[in-house]
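Descriptive analysis of the structure
Listed here are the chains, written in short residue letters.
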Amino acid sequence: MKKVIYESVANQKEAAKRPDVTRYEDHAAIPENLKTFAKGRRFFIRTYGCQANVRDEEVMAGYLTEAGFTRTFDPNEADLAIINTCAVRENAEDKIYGEIGSFKANYERDHSFLLVLAGCVMGENGVAESFLKSYPWVALVIGTHDVSRLNPLLGEVLAKKATIVNVRSFSSEVVENLPSVRLNAYEAFVNISYGCDKFCTYCIVPYTRGRERSRRLEDVLKECQDLVNHGYKQITLLGQNVNSYGLDFKDGTTFAELLEKVAKTGIPHLRFLTSYPSQFTDAMLDVMSRYSNIDPWLHFPVQSGSTSCLKRMGRRYTREEYLALVHKIRKAVPNIALTTDLIVGFPGETEEEFQDTLSLCEEVRYSSAYTFIYSPRPGTPAAKMEQVPPEVSHERFNRLKKLIDDLTTESSNECIGKTYTVLVQGPSKKDSNILTSYAPNGKLIHFEGPAYLTGAFAPVKVTSSHVYSLHGELLEDPLIVKAKDVAFTLHADPVVREYLKLDEEVRNNPEIHALGEALVNAKKALALAQGDDQKYPAAKAQYEAVVKQIHEHPLLTNRDALRDAVEDTLKELQEDLR
Ligand code: SAH
Ligand code: SF4
Ligand code: F3S
C-alpha cells in the first residue's frame with residue numbers, strides 16, 4: 001500500500017470551537033514541481049451538494065488553472081480529478097466509493113493519475129481514513145478549510161510520493177483574492193460568509209464548514225463590482241445564514257447594509273441564500289422593497305410547521321413567529337415568491353406535529369419547496385434522539401410531496417399569461433431548439449429560441465404550466481434580443497463607460513467648441529493667405545497653434561488614449577459572438 005501521511009484528520013468536536021480569524025490577502029505560491037507536472041495534463045471536478053461546494057469548485061478550478069492544468073468535462077480524460085462531496089444526508093459515503101472506483105481506468109492507463117477527495121464528507125470523523133484502504137489513486141484528502149492550500153498540498157504529494165490527508169477541523173482563515181474559474185459568464189455566486197453558528201440539531205454543516213466567519217464588506221463589494229464590470233447579470237450572495245452577516249465584526253455591520261451596497265452596484269438581478277427566519281430583519285425588508293434589482297424571491301427554510309418540533313431541531317423561532325414574518329414580508333413585497341426547505345420524520349415527530357407542517361405550507365402557499373426525509377448525521381444531537389420508523393417517514397413524505405406539488409402547480413398556473421424578463425441558461429438537454437431560463441421569481445421557463453441567446457435577458461410570455469416548469473414564447477426577434485445583450489455587455493465595461501463619458505464631455509465642453517471654431521477660422525485665414533508671402537507665415541503659425549492646442553487638450557488626449565482599449569474590448573466581443 002502507498003504511504004499515507006496524516007497531517008490532520010477530521011475532528012467534529014474541534015470543529016465546533018470558535019477560532020480567532022486571521023485574514024490573508026493572497027494565496028500560497030505554486031510549487032515548481034506542480035507546474036512541471038501540470039504541463040499538458042487535464043483536470044476534472046465533480047461537485048455534489050450546495051452552492052458553497054459549487055463555489056469551492058470554481059476556486060479549485062482557479063488554482064489548478066493557475067498551476068498550468070487545462071480543464072476537461074470528461075472524467076475519462078482526466079489526469080487529475082476532484083470529487084467534491086456533500087455530507088448533508090446519508091448515503092453520501094456509498095456514492096463516493098462508487099465514484100472513486102470509476103477512476104480505476106484513469107490510474108491503470110497512467111499511474112501518475114491523482115484523485116483528490118474534497119468537500120464536506122471529509123470533515124466527518126473517521127470517514128476519510130476509510131476511503132484510503134483500497135484505492136491507491138487517492139492522492140490527497142482535503143477538508144473544506146484546505147481549499148486555498150490545494151496547490152501546495154499537491155506539490156507535497158508529488159514530492160513525497162505519498163497520499164496526504166489534510167483535513168483541518170476548524171479554520172481561522174479568510175483568504176481573499178482567490179483565483180477562480182467561474183462556471184458561467186452571466187450569473188455568479190459570491191460568498192459573504194463561511195461556516196454556520198446555528199447548530200440545528202440535525203445538521204452536519206457547522207462541523208464540516210466550521211464556525212461562521214464573515215468576509216469584509218469591502219472585499220465582497222469589490223468582487224461584486226468586478227462582476228458588474230465584466231457584464232455579469234445576476235449575483236447570488238451566499239452564506240449558510242446570510243442574515244447574521246457581519247455580526248462577528250461587532251461594529252454594527254449588517255446584512256441589510258451589505259445588500260443595499262451590492263444593489264447599488266447596478267447588477268440587474270440580486271438574490272441571496274439562505275435566510276434564517278428569526279434573523280430576518282425589518283431593515284432587510286426595507287432594502288428589498290426599495291431596490292427593484294433585488295429579485296422578488298425569498299428562500300425561507302422553515303424545516304417544520306410545529307413549534308415543539310422546531311424546538312427539538314434547535315431552530316430559534318416558533319410557528320407563529322415564522323407566520324408573522326411571512327405576513328410582514330408579503331405586505332412589504334406583495335409579488336414575492338417564497339420557497340422553503342422541509343424535513344419530515346425528524347426524531348420524535350408525531351402525526352400532530354406533521355399536520356402542523358402541512359397546515360403551515362397551506363397557509364404560506366410556497367411557490368415551491370425542497371422536501372427531505374430526516375437523515376441521522378453522526379456526531380449531531382438529533383442522531384441520538386428517538387428515531388421515527390422509516391415507513392412512517394416515507395408515508396408522511398409522500399403526503400407532504402403531494403401538497404407541495406399542488407402548491408407549486410397553483411403558483412405556476414398564476415404565471416400563465418404573464419410576461420417575464422428571463423435570464424437564458426442555454427439549450428435544454430432534451431431538445432436543443434428549446435431554451436431553459438429562469439424568471440426573477442425563480443420559476444423555470446422553457447421556450448423556443450436559438451442557442452446564441454444563452455446568457456441574455458429575453459422577454460417571454462408564459463403560455464402553459466407543467467408543475468415544475470413553465471412554457472412560454474419569446475416576444476421579440478432573437479437577433480434584437482442578442483443585439484441588446486451585446487450593447488449591455490459593452491456598456492458594462494468600465495473602459496467603454498469612461499470613453500463614452502469623456503466623449504460626452506468633449507461634445508459639451510465650451511472650450512472645445514471654441515477651439516473648433518478657431519480651427520475653422522484659422523483654416524479660412526490660411527486659405528485666403530495662400531500666395532501672399534507676407535500674410536501666409538502668420539496665418540500658418542496661427543493655424544498650427546490651434547492644431548497644437550487641440551492635440552494637447554487634456555479631455556481630448558484622455559479620450560483618445562482610451563480608444564485602443566475600447567477597440568480591444570470590441571474585438572473580444574466579436575470573438576465571443578463567433
Ligand atoms: N444553511 C441552509 C442550508 C442547510 S442544508 C439552511 O439553513 O437552510 C440544506 C437543507 O438540507 C436544510 O435546509 C435542511 O432542510 C436539509 N437538511 C440538513 N440536514 C439534514 C438532515 N440531517 N436530514 C435531512 N435533511 C437535512
Ligand atoms: Fe445547518 Fe441550521 Fe446552519 Fe442551516 S442554519 S447550515 S440547517 S445548522
Ligand atoms: Fe452539503 Fe456541505 Fe453544502 S454538507 S449542503 S456541501 S455545506
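Everything discussed here concerns the structure shown above.
Residues numbered from 1 in each chain as written. Chains lettered and ligands numbered in written order. Predicted model: local features only at pLDDT ≥ 70, side-chain atom pairs only at ≥ 80, totals over all residues. Heavy atoms only, no water.

1. Describing the site of ligand 1
Inspection of the region around ligand 1 gives 15 residues, with Y202, Q240, Q303, D341 and S375 positioned closest. Within the contact set of ligand 1, a nitrogen atom lies 2.8 Å away from a side-chain nitrogen or oxygen of Q240. Contact with the protein chains removes 89% of the 540 Å² of surface that ligand 1 exposes when unbound. Breaking the shell around ligand 1 down by element, the ones donating at least two residues are strand 16 (337-344) and strand 17 (368-373). Looking at side-chain class alone, the shell around ligand 1 contains 7 nonpolar, 4 polar and 4 charged residues. (Near = heavy atom within 4 Å. Polar contact = N/O pair within 3.5 Å; in protein donor to acceptor, adjacent residues only side chain to side chain. Areas by Shrake-Rupley, 256 points an atom, 1.4 Å probe, with all protein chains shown as cover. Helix = DSSP H or I, 4+ residues; strand = E, 2+ residues; numbered from the N terminus. Nonpolar A, V, L, I, M, F, W, Y, C, P; charged D, E, K, R; others polar.)

2. Quick word on the layout of surface pockets
Empty space within the second largest pocket amounts to approximately 1200 Å³. Those elements giving two or more residues to the lining of the second largest pocket turn out to be helix 3 (51-67), helix 9 (217-229), helix 16 (478-492) and helix 20 (554-577). Element by element, the count of residues in the lining of the second largest pocket is highest for helix 9, at 6 residues. (1 Å grid on protein atoms, 1.4 Å probe; cavity = no way out; pocket = protein on both sides within 12 Å on 5 of 7 lines; lining within 4 Å. Points joined across faces, edges and corners; volume = space filled by probe spheres on them.)

3. Digging into the pairing of strand 20 (residues 444-448)
Sheet topology places strand 19 (residues 434-438) next to strand 20; 5 bridges connect them, and they run antiparallel. The partner of S437 across the bridge, within strand 20, is I445. Hairpin connection, strand 19 to strand 20: the antiparallel pair is bridged by 5 residues, and G442 has positive phi, about 90 degrees. Where strand 20 and strand 22 (residues 469-474) come together, 3 bridges link them in parallel fashion. The residue of strand 22 that forms the bridge with I445 is L470. (Pairing = 2+ DSSP bridges.)

4. Side note on helix 14 (residues 351-364)
Taking 1.5 Å of rise per residue, the 14 residues of helix 14 would be expected to cover 20 Å, and the 20 Å separating its terminal C-alpha atoms lies within 8% of that figure. Turning to helix 14, its buried residues number three or more, namely E353, F354, T357, L358, L360, C361 and V364. Angularly, the buried residues of helix 14 cover 160 degrees about the axis, an arc narrow enough to put them on a single face. Looking at the buried side of helix 14, the elements it contacts are helix 12 (307-313), helix 13 (319-332), strand 16 and helix 15 (390-413). (Expected span 1.5 Å × (residues − 1). Buried < 20%, exposed > 50% of the residue type's maximum accessible area, 1.4 Å probe, protein only. Arc of directions from axis to C-beta. Contact = heavy atoms within 4.5 Å.)

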